[in-house]
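# Examination of the molecular architecture
As a plain string of letters, each chain reads:
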Amino acid sequence: MNSLLSEKPAILGGDPAIPGGPPEWPFPDIAINRVLQQAQQTGAWGRYHGPCAKQLQQKLAELHQTEQVILCSSGTVAVELALRGLGIGPDDEVILAAYDFEGNFKNIVTVGATPVMIDVDPQNFNLNLNLLEQAITDSTKGILVSHLHGGLVSMQRLTRIAHERGIPVIEDACQVPGAVIEGQIAGSWGDISILSFGGSKLLTAGRGGAILTRSPQIAQRIRLYSHRGNEAYPLTELQAGLLLPQLETLDTQNQIRQKHVDILLTQLGDDSGLISFRNQQLSSQSVSTPGYYKLGFLYQPSHFSGLTRDLFCQAMQAEGIAVYPGFRALHAIHSRRRFRQTTELPVATECDRNLVVLHHPVLLTGASHMAAIAGAVFRIAQHADRILSLSASDQL
Ligand SMILES: *Cc1c(COP(=O)(O)O)cnc(C)c1O
């Protein structure tokens, strides 16, 4: 037997796999210190307008080959503004995956439209394009698509289906800045695309978001809606300044994350009890590289002697590893009266019960940590019986 496997998991009193615990995000960065110092020296931090916001708009526009960039206070607000920019309101339907960020559902309801849920793909747990066409009706005024947990949706195929029918696409790229989908950067595929600069995100200003579009009409409608005699949802000059140096390192960091995900998946192998994401439906004619805000897995309790997902996550956290249950499925937490569904949602239900996510900061640390994570999973599987029995008698 592998000597590693005979050691106890941390939840049973063994040494944690990563004794320092999950790294704090964002990492310390000299470039960020410089921005803060400069803001203080020039007084820019106290101004409504300055050069950083303009520069950020230009850089994001270049990066996403788009003309119109509207900076705003969060990704959540950006999604609402996108829906408003498309003129979506009462009597309209917007299609989204039943397993998606909850704010996306709420925003559709906020503008008065009806969310129409379709199930997620069993391979990558994102919107299932095989179910898209049958969900479209005359009332469909938008398709809201997110790329989540290491999965990517084929935007070639999605935009073909949508545009043949004249339906605009809102691409939520909040979790995948800098990712490439079928040869083109994420956030450049939608008629409107969304970025988030929230505190935990890959690009962070603590809070913030952006809306990208090539349509001057859509951008104008959003600007008119946002103006209340003053901008109602602005990103600050200081936030913009903090984001600029991060754009410079995004590609390198994405490559490191990808390398470490590859190492981790190799270490885990095919029989770890964690089913990983497979982006098999993407066109093989061109390059795709996912983003990793959270790396998702479908947890298989049967591989862990029936250990619940929550206990598995607790055991991983005891190892110093930031693994958590994924978010809830939208149909599982919202009243049936508030949405429409065209098929059953078995895969989203499975995600609701058993998706687990690894938070990204550890993916920028050493490769040895990937081995430590895999080792922790194996140890927990091997000692799952004991963890279960101690938990049952309240001794954990
Ligand atoms: C974080 C996130 C958002 C919202 O962004 P905030 O800036 O936190 O409001 C929207 N969609 C997805 C997929 C996200 O991960």
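Everything numeric here is computed off the predicted structure, so don't read it as measured data. (Residues numbered from 1 in each chain as written. Predicted model: local features only at pLDDT ≥ 70, side-chain atom pairs only at ≥ 80, totals over all residues. Heavy atoms only, no water.)

Around the ligand, the neighbouring residues are Ser 74, Gly 75, Thr 76, Phe 101, Leu 148, Asp 172, Cys 174, Gln 175, Ser 196, Lys 201 and Gly 208. Note that an oxygen atom of the ligand is positioned 2.9 Å from one of the side-chain N or O atoms of Lys 201. Bound to the protein, the ligand loses 91% of the 370 Å² it would expose on its own. Here the shell around the ligand is composed, by residue class, of 3 nonpolar, 6 polar and 2 charged. (Near = heavy atom within 4 Å. Polar contact = N/O pair within 3.5 Å; in protein donor to acceptor, adjacent residues only side chain to side chain. Areas by Shrake-Rupley, 256 points an atom, 1.4 Å probe, with all protein chains shown as cover. Nonpolar A, V, L, I, M, F, W, Y, C, P; charged D, E, K, R; others polar.)

With that out of the way, let us pick up the UniProt feature "modified residue: N6-(pyridoxal phosphate)lysine" (unreviewed entry) in the protein chain. Here, UniProt's "modified residue: N6-(pyridoxal phosphate)lysine" (unreviewed entry) annotation points to Lys 201. Summarising the element assignment, Lys 201 is placed in the loop between strand 8 (192–196) and strand 9 (209–213). With a relative accessible area of 12%, Lys 201 lands in the buried category. Those residues in contact with Lys 201 that lie beyond four places of it in its chain are Trp 25, Cys 174, Ser 196, Tyr 293 and His 360. (UniProt positions renumbered as here; feature names shortened; annotations may be inferred. Helix = DSSP H or I, 4+ residues; strand = E, 2+ residues; numbered from the N terminus. Buried < 20%, exposed > 50% of the residue type's maximum accessible area, 1.4 Å probe, protein only. Contact = heavy atoms within 4.5 Å.)

One finds Leu 56, Leu 60, Leu 132, Leu 158, Ile 194, Phe 197 and Ile 211 to be the most contacted residues of the largest nonpolar core, which totals 87 residues. With 6 residues, helix 4 (residues 75–85) is the largest single contributor of residues to this core. Not counting residues up to four positions away in its chain, the partners in contact with Leu 158 are Leu 127, Leu 129, Leu 132, Ile 143, Val 145, Val 153 and Val 169. Listed in part, the 36 residues of the second largest apolar core include Phe 304, Leu 358, Val 377 and Ile 387. (Core = buried A, V, L, I, M, F, W, Y, C linked by side-chain atoms within 4.5 Å.)

The geometry of helix 3 (residues 51–63) relative to helix 8 (residues 237–268) is characterised by a closest axis approach of 8 Å and an angle of 40 degrees between their N-to-C directions. In terms of axis orientation, helix 3 runs oblique to helix 8. Here helix 3 and helix 8 pass one another in a crossing that is left-handed. Listed contacts from helix 8 to Pro 51, Cys 52, Ala 53, Gln 55, Leu 56, Lys 59, Leu 60 and Leu 63 of helix 3 are Glu 237, Ala 240, Gly 241, Leu 243, Leu 244, Leu 247 and Glu 248. Here the contact of helix 3 with helix 8 is built from residues that sort into 10 nonpolar, 2 polar and 3 charged. (Axes fitted to C-alpha atoms, helices over the stretch in contact; angles between N-to-C directions. Parallel < 35°, antiparallel > 145°, perpendicular 65-115°, else oblique. Left-handed = near helix turned anticlockwise from the far one by under 90°.)

Right, let's talk about the domain arrangement of the protein chain for a bit. Splitting the protein chain by domain gives domain 1 (9–21 + 250–392) and domain 2 (30–246). Taking only C-alpha atoms, the centre of domain 1 and the centre of domain 2 are 26 Å apart. Between domain 1 and domain 2, the contact holds 49 residues from the first and 50 residues from the second. Counting the surface lost from both domain 1 and domain 2, the interface buries some 4,200 Å², and carbon and sulfur atoms represent 61% of this. Inspection of the domain 1/domain 2 interface yields 1 salt bridge. The shortest N-O distance in the salt bridge between Glu 93 and Arg 340 comes to 2.9 Å. At the surface where domain 1 touches domain 2, the tally comes to 25 residue pairs in polar contact (both at pLDDT 80 or more). Contributions of two or more residues to the side of domain 1 that touches domain 2 are made by helix 8, strand 11 (294–299), helix 10 (330–333), strand 13 (340–341), helix 11 (346–354) and strand 14 (355–359). For the side of domain 1 that touches domain 2, the leading source of residues is helix 11, giving 5 residues. (Domains from an automatic or database assignment. Buried area = accessible area lost by both parts, 1.4 Å probe. Salt bridge = Lys/Arg side-chain N within 4 Å of Asp/Glu carboxyl O.)

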